[in-house]
Structure formats: C-alpha cells, structure tokens
Amino acid sequence: MKQYKQGVFFSDNFVGENSWNGYERKCLFANVGNNQFMDVARPTGSDSIKDGRGVAIADFNGDGKLDLVINNNNAAPTLYLNEVKRSGNSVVIKLEGIAQATGQSLATNRDAIGAQVRLTIAGKTMLRQVEAGSGYAAEGMLPVHLGVGNATRVEAVEVTWPSGLVQKFDGAQTGEWLNSYVDIKEGVTQAISVRPYAVAPNATASQGKKKSAAIQEMSGLK
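Residues numbered from 1 in each chain as written. Predicted model: local features only at pLDDT ≥ 70, side-chain atom pairs only at ≥ 80, totals over all residues. Heavy atoms only, no water.

*Asks:* Could you clarify how one ought to interpret the overall build of the chain in this entry?
*Replies:* When helices and strands are counted, the chain shows two helices and 14 strands. Taking as baseline every contact in the chain between residues at least 6 positions apart, the subset at least 24 positions apart corresponds to 50%. Counting only carbon and sulfur atoms, one obtains 52% of the accessible surface of the chain, whose full area is about 13500 Å². (Helix = DSSP H or I, 4+ residues; strand = E, 2+ residues; numbered from the N terminus. Contact = heavy atoms within 4.5 Å. Areas by Shrake-Rupley, 256 points an atom, 1.4 Å probe, with all protein chains shown as cover.)

What follows is the structure, given as structure tokens:
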C-alpha cells in the first residue's frame, strides 16, 4: 500500500512501454433506434488498437459532421473523419458572450460556457449546453451541434446566457440556418453570420488495413 501511495506502480521504471488499461480494440456505438446501440467500430475501420486516452468530438473539416480525435499514449493522436453519406440535416451554433454585465446578476464569459441553446423543429424542442472539459483529458468543440434529421426548417431558437439574458429567434430569422454554422453574440438580435457547411475534402487513410467509406483514419496530426 505504501508503494502504491508513493506512485511506484505508475512510474516509468515500473510501467515502461506497457499500459495499465492494455492495448484494446476501440468501440464505436451507433444508435439504431428502440433504445438500442450497435458496435460499428470494426466495419467502419475505427477500431484502432493503439493505447488510447482522451476522446474529443468536433467538426474538424467544416462539413457539419462530427468527427473523433483520440489521444494515444506514447504515440501520435488518431483522427477519425466522419464520411457517412446518409446523414441528416443539422445546425452548428457558436455563441460569444460579451464578458460584462448585461443588467442581470452575472456576466457571461466570452466562450459562453454554461449557456443553453433550445432549438425547435416539428413542434419538438431539443436542448444543448456549452460545456468545457467534456471528457477525460479532452474537450470537444465549444459550438453546439444540433442534428435535426429530415427537418427542412428551424422553427425557433432560444439562447439562455449565463448572465440570465434570454434571446429568442423566430422562424423568420432562422430560415437560412439549416446545414450552416451560425454565430450569435450576446445581446445582438440577429445572427452575426450564417455560413453554409464546407464540402468535406477527401481524407487520406493511414497505411494499414483498408478503411471503409464511412470513417477515414488519419494518424500523426500536426
């Protein structure tokens, strides 16, 4: 017990090139409906056996699809680009706080961490919150990604800022938001900018086993 408390078993001399969690195949679970999930890591080529650590989720190539990056122990990170062809519509909203009091009790930080976004489609409302430190040794992108499936229009968006300010955008304002990056600044009644998604560039698979068309692996990020 004394050696454990002193960190002997976690030292370089004891662990060496080994790993406490082992070199295990990764899992990637897809929501197949009816409260069920299926592991699709192997057929999509995303079952790397590297000694993975933190996982972050973000849109790395600006195509509106969420990608994955895994930090590997004693190795370069691995980036999995989402190239699923049959994907629904979505909206990515980036918030910017004004970092000063707005007449409310608190000031919003510039990154708007803690802000909540409610988006309404087909009479249903979904909620996302801007988070920091969203995983072990990793952090996803700050803009919130909202998948809306086959919906063809955004009916309304409501933003609740940490300052307490609540901003509402109706259908007339959100008409061009679908499949776009939308920038919203606290206190500004219209979106600062609306930018359609970029066309995803062709990713180059790393050497090794052949990757599927759904997810491309790129190792050794720079």
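*Asks:* Honestly, the side chain of Ser163 in this entry has me stumped. Any pointers?
*Replies:* Secondary-structure assignment places Ser163 in the loop between strand S10 (156–160) and strand S11 (166–169). With relative accessibility at 2%, the residue Ser163 sits in the buried group. There is a polar contact of 2.7 Å between the side chain of Ser163 and the side chain of Glu186. (Buried < 20%, exposed > 50% of the residue type's maximum accessible area, 1.4 Å probe, protein only. Polar contact = N/O pair within 3.5 Å; in protein donor to acceptor, adjacent residues only side chain to side chain.)

*Asks:* Mind showing me how you'd approach the pairing of strand S6 (residues 89–96) here?
*Replies:* In summary, the side chains of a regular strand alternate between the two faces of the sheet. Across five bridges, the pairing between S6 and strand S9 (residues 144–149) is antiparallel. Within S9, the position partnered with Ser90 by the bridge is Gly147. As judged from the five bridges shared by S6 and strand S12 (residues 180–185), these two strands associate in the parallel manner. When the bridges of S12 are listed, Ile93 appears paired with Val182. (Pairing = 2+ DSSP bridges.)

*Asks:* For this particular structure, what's the right way to read the confidence of the model for the chain?
*Replies:* Do not read the predicted coordinates in detail wherever pLDDT is low. Counting all residues, the mean pLDDT for the chain is 83, and 77% of those residues have values of 70 or more. Of all helices and strands in the chain, the one with the weakest mean pLDDT is strand S14 (residues 215–219) (55), whereas S10 scores best (98). Within the model, pLDDT remains below 50 along residues 200–213, and this stretch shows 25 contacts once partners closer than five positions in the same chain are excluded. (pLDDT = per-residue confidence, 0-100.)

*Asks:* What am I meant to see in the environment of Leu146 here?
*Replies:* Among the secondary structure elements, Leu146 is positioned in strand S9. In the structure, Leu146 is positioned 53 residues away from Ile93 in sequence and 8.2 Å away in space, judged by C-alpha atoms. Not counting residues up to four positions away in its chain, the partners in contact with Leu146 are Asn89, Ser90, Val91, Ile93, Leu119, Met126 and Arg128.

*Asks:* When you look at the sheet that holds S10 in this model, what are you seeing that I'm missing?
*Replies:* Hydrogen bonds between backbone groups are what pair the strands of a sheet, and the pairing can be parallel or antiparallel. If you trace the four strands from one edge of the open sheet to the other, you get S8-S7-S10-S11, paired in antiparallel fashion. With one partner strand each, in any of the chains shown, strand S8 (124–129) and S11 form the two edges of the open sheet. Looking at each pair of strands side by side, their axes are set apart by 15° on average, direction ignored. Both S10 and S11 contribute to a ladder of four bridges, which runs antiparallel. Within the sheet, the bridge partner assigned to Thr160 lies in S11 and is Val166. (Axes fitted to C-alpha atoms, helices over the stretch in contact; angles between N-to-C directions.)

*Asks:* Even after reading the chapter, I still don't get a nonpolar patch on the surface, so can you show me in this structure?
*Replies:* Residues Val55, Ile57 and Leu66 make up a contiguous nonpolar surface patch of roughly 220 Å² in combined accessible area. Looking at Ile57, the relative accessible area reads 43%, which means it is partly exposed. (Patch = residues over 30% accessible without salt bridge, like charges linked within 9 Å, V, L, I, M, F, W, Y side chains within 5 Å. Salt bridge = Lys/Arg side-chain N within 4 Å of Asp/Glu carboxyl O.)

*Asks:* Can you walk me through the environment of Ile113 in this structure?
*Replies:* As for its position among the elements, Ile113 is in the loop between S6 and strand S7 (116–121). Here Ile113 falls in the partly exposed class, since its relative accessible area comes to 31%. C-alpha separation for the pair Ile113 and Gly97, spaced 16 residues apart in sequence, amounts to 8.7 Å.

*Asks:* Even after reading the chapter, I still don't get the nonpolar core, so can you show me in this structure?
*Replies:* Buried together is how nonpolar side chains tend to be arranged in soluble globular proteins. In this structure, Ile93, Leu95, Leu119, Val157, Val159 and Ile184 are the most contacted members of the largest nonpolar core, which totals 23 residues. Within the second largest apolar cluster, five residues are counted, among which are Val69, Leu79, Leu81 and Ala138. (Core = buried A, V, L, I, M, F, W, Y, C linked by side-chain atoms within 4.5 Å.)

*Asks:* Even after reading the chapter, I still don't get the sheet that holds strand S13 (residues 193–196), so can you show me in this structure?
*Replies:* One open sheet holds the four strands; their spatial order is S9-S6-S12-S13, and the pairing between them is mixed. What marks the edges here is a single partner per strand, and that holds for S9 and S13. With direction set aside, neighbouring strand axes in the sheet form an average angle of 20°.

*Asks:* Would you explain the side chain of His145 in this entry?
*Replies:* The residue His145 is located in strand S9 in this model. For His145, a relative accessible area of 19% gives the class buried. Among the polar contacts made by the side chain of His145, one reaches the main-chain carbonyl oxygen of Gly64 at a distance of 2.9 Å. Ignoring any residue separated from it by four or fewer positions in sequence, one finds His145 in contact with Gly64, Leu66, Ser90, Val91, Val92 and Arg128.

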